[in-house]
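What the coordinates show
Listed here are the chains, written in short residue letters.
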Amino acid sequence: MWLHLGHASCALRARALDDASAHLTRAAAALAGLAGHDDARVELALVQAYAASQRGEPVLAALDAVEATLAPAALAPADAACFRARVVDQRAYQLNRAGDHAAALALFESLPTSDVHPFASYRRDAGLAFGCLRAGRPDEALRLALRACEHAGDGGYTRLRAMGLLLVARIQGQPDGDLARARAHAIARRLDDHELLARVERQARRGSERE
């Protein structure tokens, strides 16, 4: 079950959507024969929702299913906080794509302010930073983005730290953000993460076009 979920996540990162769907089907079949495993049920529902989003399908019903699975789940506080942050992140992504940045920001503001787990704290503060940037509050956005980078470092999430640095660079603009972007680029190269490298290069290209 967990191996299929892992393979599905890797396939989604590589944009191999058919492979991801096949692994998700196998994960669901493996899980169907097991009692309990609430964490796996929530994880499966989250990845299924993300896969639907990547296929361009409506995802609100899928996210509702995630919440329905998460609500009664027996989870450790840290696991529950991380899952909740991921649900909010996916919902906010859909709202931001639709241009409803205020509603997306309100979702991140609804998350607990306590730092239960570095991953959950990163998702919260990175989301708040983006929302504040969209709301025309760059100073607050920068403070939150830097704090998100600290959470990523505390949790050992190197890729998330690079994503946080890209957010810092976006807030600072050029040339002030060039250093943060260069650090994100160096991380992406060390990880040999082609998707992350593409994000760095895309942001740099957009910045040059605005000059």
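In the block above lies the structure referred to throughout.
What comes next is a walk through the structure.

About the cut-offs
- Residues numbered from 1 in each chain as written.
- Predicted model: local features only at pLDDT ≥ 70, side-chain atom pairs only at ≥ 80, totals over all residues.
- Heavy atoms only, no water.
- Helix = DSSP H or I, 4+ residues; strand = E, 2+ residues; numbered from the N terminus.
- Rg over C-alpha atoms; globule rule 2.2 N^0.38 Å.
- Buried < 20%, exposed > 50% of the residue type's maximum accessible area, 1.4 Å probe, protein only.
- Areas by Shrake-Rupley, 256 points an atom, 1.4 Å probe, with all protein chains shown as cover.
- Lys, Arg positive; Asp, Glu negative; His and termini not counted.
- Charge placed at Lys NZ, Arg CZ, Asp CG, Glu CD.
- Phe/Tyr/Trp six-rings, centres within 6.5 Å; stacked < 30°, edge-to-face > 60°.
- Expected span 1.5 Å × (residues − 1).
- Patch = residues over 30% accessible without salt bridge, like charges linked within 9 Å, V, L, I, M, F, W, Y side chains within 5 Å.
- Salt bridge = Lys/Arg side-chain N within 4 Å of Asp/Glu carboxyl O.

Each helix and strand in the chain was counted, giving 11 helices and zero strands. Ordering the α and β elements of the chain from the N terminus gives α-α-α-α-α-α-α-α-α-α-α. Expected size for 211 residues packed as a compact globule is a radius of gyration near 17 Å; at 18 Å, the chain falls within 12% of this value. For the C-alpha atoms alone, the extent of the chain along its principal axes is close to 55 × 35 × 35 Å. When the 211 residues of the chain are sorted by exposure, 39% land in the buried category. For the chain, the exposed surface amounts to about 11,200 Å²; the carbon and sulfur share of it is 53%. The averaged location of the 26 negative side-chain charges in the chain is 3 Å from the averaged location of its 27 positive side-chain charges.

Another point: the packing of aromatic side chains. Considering all chains together, one arrives at one aromatic pair under this definition. When the ring of Phe119 is compared with that of Tyr157, the centres are 5.9 Å apart and the planes differ by 75°; the resulting orientation is edge-to-face. Of the two residues, Phe119 is situated in helix α7 (residues 118-134) and Tyr157 in the loop between α8 (138-155) and α9 (158-172); the sequence distance between them amounts to 38 residues. For Tyr157, a relative accessible area of 28% corresponds to the partly exposed category.

The next subject is α9. For α9, with 15 residues, the first-to-last C-alpha span of 21 Å sits near the 21 Å given by 1.5 Å per residue. In terms of burial, α9 is largely enclosed, as 11 of its 15 residues are buried. What α9 keeps buried is the set Arg159, Leu160, Ala162, Met163, Gly164, Leu165, Leu166, Leu167, Val168, Ala169 and Ile171. Count one or two residues on from α9 and you reach Gly173, which has phi positive near 75°.

Let us look at a positive patch on the surface. Side chains of Arg134, Arg170, Arg202, Arg205 and Arg206 sit close together on the surface and give a patch of like positive charge. For the positive patch, the element with the most residues is helix α11 (residues 194-210), which contributes three residues. Mapped onto the fold, Arg202 is located in helix α11.

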